[in-house]
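In case you want the letters, here they are:
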Amino acid sequence: MSKKKIVFVCFDEDYITALEYKMAEIVGHNAEIEFITDCKFYTQYMSVPKRIDILVVPENMGQMITNKSNIGKIYYLTEENVENNKESEDLVYKYGSVRYLVEKIDEKIFENTGKDGKKGTKVVSVFSVGGGCGKTTAALSVAHNLHKKGNRVLYVSTQPMQDYQFVIPNCEKLSSEFSYQCTINIKNALKLLLREIKTEGFDYIPAFNKIPSTYQVTFETYVDMIEFINQKNMYDYIIVELSNSISTKKNSFMHNCYRTLIVTTQEETAVKKLENFLESMAGFTDKVTILCNRVKTTRTNYLEVSPLVSTYEISEYVSEGETGISFQTIKDYQCFNRTTVCLE
């Protein structure tokens, strides 16, 4: 039996870049996928009759398809969330997960792929080599976006100064009992951990009342917490925000994560630090996604001319002012959608 022919049309090249590899990985050898990002090429492509089993086009292009005789099924890409709307059979939510996109256009493609996207917990680390890049906002946004897609998500901050509590409204603190147990016996603390978890749509481990080191809490303590929860298989994703410091334990943790999101800015010094860090992380390439945040269009973007562009996956370039530290802003404007797709 011949492979199904899928043509995916979208003129948002950043979106396609984030989508192309992961969709091909999920579909495997069960279908042939062609991505088209140029409008002129699309017009020429469609002017010659050819067999297309599935055509996916932007919602506003529906009237441009004049000859449908050789097209098996047409889906329309929309930016309105229709994932749970059964009446929208021909609409595909643009920012849904890659697995959702593939299942929507043809769930039979998954037959014999041997993949189970919901099996086990995926731990995603969020790191930066310098401060002031919006790492906390990015981590919280990814956690929120994954939750909105129907995933069970836990956010954990391992930073020595946990500033996320100023972003999440009415953010609760860890109990005195749990904090005390951390100072004397981590095994006893872990027995209390699950009842400490709070929710803001996604779940999160609250901050300590004082800085974690007051309770003799180190990065290794957080690793124990994450491993304890991971073994419970309670979550689809655990988003772990790391501090900027580098250690052998932290490097090992990132190597063992499902994916690592590294947040940077465009400045020359920030990009140079990032290059030096990644150069020292052998065997790390296939797990790293880079987000360039707080981009100022009036200044040189040194990441765009860095060798990193050809080596690592760049999820998106987010302009200064597009995102703020308000949690309501994160929920209202669906920040970092392309980055979320890259991390799935």
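Residues numbered from 1 in each chain as written. Predicted model: local features only at pLDDT ≥ 70, side-chain atom pairs only at ≥ 80, totals over all residues. Heavy atoms only, no water.

Caption draft 1: Spatial organisation of helix 7 (residues 219-232). Its 14 residues give helix 7 an end-to-end C-alpha distance of 20 Å, which sits within 8% of 20 Å, the value for a rise of 1.5 Å per residue. Looking at helix 7, one finds that the buried residues are F219, T221, Y222, V223, M225, I226, F228 and I229. Looking at the buried residues of helix 7, the elements they touch are strand 7 (153-157), helix 5 (176-184), helix 6 (186-196), strand 10 (237-241) and helix 8 (248-256). Phi turns positive, to about 55°, at N233, one or two residues after helix 7. (Helix = DSSP H or I, 4+ residues; strand = E, 2+ residues; numbered from the N terminus. Expected span 1.5 Å × (residues − 1). Buried < 20%, exposed > 50% of the residue type's maximum accessible area, 1.4 Å probe, protein only. Contact = heavy atoms within 4.5 Å.)

Caption draft 2: Structural detail: the side chain of K5. Summarising the element assignment, K5 is placed in strand 1 (residues 4-9). Given the relative accessible area of 11%, K5 is considered buried. Of the polar contacts made by the side chain of K5, one reaches the side chain of E34; its length is 2.9 Å. Dropping the residues within four chain positions of it, K5 is found in contact with E32, E34, Y45, R51, I52, D53 and I54. (Polar contact = N/O pair within 3.5 Å; in protein donor to acceptor, adjacent residues only side chain to side chain.)

Caption draft 3: Expanded view of the packing of aromatic side chains. All told, the structure shown has eight aromatic pairs when counted by the stated rule. Summarising the aromatic geometry, the rings of F127 and F277 are spaced 5.0 Å apart at their centres and angled 35° between planes, so their arrangement reads as tilted. Taken together, the residues span a long stretch of sequence, with F127 in strand 6 (residues 122-127) and F277 in helix 9 (residues 268-279) at a distance of 150 residues. Like F127, the residue F277 is buried in the burial classification. Each residue in the set Y155, Y164 and Y204 is aromatic and connected to the rest through ring pairs, giving one cluster. For the cation-ring pair, K50 lies above Y45, with the distance from its terminal atom to the ring centre recorded as 4.1 Å. Here the basic side chain of K73 rests over the ring of Y75, its NZ or CZ set 5.5 Å away from the ring centre. (Phe/Tyr/Trp six-rings, centres within 6.5 Å; stacked < 30°, edge-to-face > 60°. Lys NZ or Arg CZ within 6 Å of the ring centre and 35° of its normal.)

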